[in-house]
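Per-entry structural report
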Amino acid sequence: MLLMGNLVVAFLCALVVLQFWYFYRSSLSEFWNDVLLFYALFAFYATLAREIVKDIEDRKGDEQTACKTLAIVYGNRMAEYAVISCAAILLGLLLFVLFVYLPNHVIFVQLYGLVALIGPLLWLTSYLLRCKSYCTYRQISQFLKAYLMLGLFFLVFIRTVFF
């Protein structure tokens, strides 16, 4: 049950996209159906990473209320590895979408994906791997919140390129 609350929040975030997809899927092209499903996965894993970081950030308060989070039971380092795992899944998903799924002629979309989505993800991973003591988890949490917005802008960017 260590990640149950985190998984629920991540699922609910992805559910917003999935609800839109469910109700409009019959009127969307196959391309947009796939893009929305990819974005639901993106929202799930990015939110899950942020929730785990917030658990690390709130560790002292959670310990006082006897909560059992990943950071409390297995330590901050293991929780950081869970965040890195989410980042690795996001990286794989983004690379697939940018260089396998999307047509090759959309260089601006690929460039945006590399600079605004993959670059920050690699920075986050390297930052967490280099972190030897207390990292500024509040900043990482804010970073991940902004990262979700960059993902949302990616949808808008795809929309302007393809329509």
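None of the values given here were measured: they were computed from a predicted structure. (Residues numbered from 1 in each chain as written. Predicted model: local features only at pLDDT ≥ 70, side-chain atom pairs only at ≥ 80, totals over all residues. Heavy atoms only, no water.)

Here we take up the overall build of the protein chain. Assigned secondary structure in the protein chain consists of seven helices and zero strands. The C-alpha radius of gyration computed for the protein chain amounts to 17 Å, which stays within 12% of the reference 15 Å derived for 163 residues, consistent with globular compactness. Referenced to the eigenvectors of the C-alpha coordinate spread, the extents of the protein chain come out at roughly 50 × 35 × 20 Å. Burial analysis of the protein chain (163 residues in total) assigns 42% to the buried set. Pairs at least 24 residues apart make up 72% of the contacts formed inside the protein chain by residues separated by at least 6 positions. (Helix = DSSP H or I, 4+ residues; strand = E, 2+ residues; numbered from the N terminus. Rg over C-alpha atoms; globule rule 2.2 N^0.38 Å. Buried < 20%, exposed > 50% of the residue type's maximum accessible area, 1.4 Å probe, protein only. Contact = heavy atoms within 4.5 Å.)

Bringing the environment of Leu144 into the picture now. Position of Leu144 among the secondary structure elements: in helix 7 (residues 137-162). Judged by its relative accessible area of 2%, Leu144 is buried. Taking the C-alpha atoms as reference, Leu144 lies 27 Å from Tyr22; in sequence the two are 122 residues apart. Dropping the residues within four chain positions of it, Leu144 is found in contact with Ala49, Arg50, Val53 and Leu124.

With that settled, the discussion passes to a nonpolar patch on the surface. Judged by side-chain polarity, Leu95, Phe96, Phe99, Val100, Leu111, Leu114 and Val115 come together as a nonpolar surface patch covering roughly 630 Å² of accessible area. Counting only elements with at least two residues in the nonpolar patch, the list comes to helix 5 (76-101) and helix 6 (107-130). At four residues, the largest contribution of residues to the nonpolar patch is made by helix 5. Relative to the helices and strands, Leu114 is located in helix 6. According to the relative accessible area criterion, Leu114 is partly exposed, its value standing at 37%. (Patch = residues over 30% accessible without salt bridge, like charges linked within 9 Å, V, L, I, M, F, W, Y side chains within 5 Å. Areas by Shrake-Rupley, 256 points an atom, 1.4 Å probe, with all protein chains shown as cover. Salt bridge = Lys/Arg side-chain N within 4 Å of Asp/Glu carboxyl O.)

The quantities given are spatial measurements derived from coordinates; they are silent on function.
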